[in-house]
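Geometric and topological summary
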Amino acid sequence: MADEAKGKKVCPTCNGKGVIDGVCETSSEWQGKTPDGQVCTPDQKCPTCKGTGYID
Ligand SMILES: [Zn+2]
């Protein structure tokens, strides 16, 4: 991560990826409501760095 030389820090929230990985949870509450009983949130733009992967 040589970009730190520019005076920016890698975003700690997304580790510089700019996106937050979606998370899948398995819950008995969802059994029968989804095919595998999992609920997943989609990947989303990181709110901390607004998708840039770096913070000033
Ligand atoms: Zn971020």
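Residues numbered from 1 in each chain as written. Predicted model: local features only at pLDDT ≥ 70, side-chain atom pairs only at ≥ 80, totals over all residues.

Looking now at the overall build of the chain. Scanning the chain from N- to C-terminus turns up zero helices and six strands. Ordered by position from the N terminus, the helices and strands of the chain form the series β-β-β-β-β-β. Put simply, the chain has 56 residues, and 7% of those count as buried. For the chain, contacts bridging at least 24 residues in sequence account for 58% of all contacts bridging at least 6. (Helix = DSSP H or I, 4+ residues; strand = E, 2+ residues; numbered from the N terminus. Buried ≥ 20, exposed ≤ 12 C-beta atoms within 10 Å, placed from the backbone. Contact = placed C-beta atoms within 7 Å.)

Attention now goes to unusual backbone geometry. Backbone phi values are negative for most residues with the exception of glycine, while trans is the configuration of most peptide bonds. Here N15, not a glycine, exhibits a phi torsion of approximately 60°, which is positive. Within the fold, N15 resides in the loop between β1 (9-10) and β2 (19-20).

Take P12: it is sitting in the loop between β1 and β2. Its 10 C-beta neighbours within 10 Å are what place P12 among the exposed residues. Sequence separation between P12 and C49 is 37 residues, and the spatial gap between their C-alpha atoms is 9.1 Å.

Once that is clear, we can look at the environment of W30. Secondary-structure assignment places W30 in the loop between β3 (24-26) and β4 (38-40). Judged by the 13 C-beta atoms lying within 10 Å of it, W30 is partly exposed. With residues up to four places along the chain from it excluded, the contact list for W30 reads G37, Q38 and V39.

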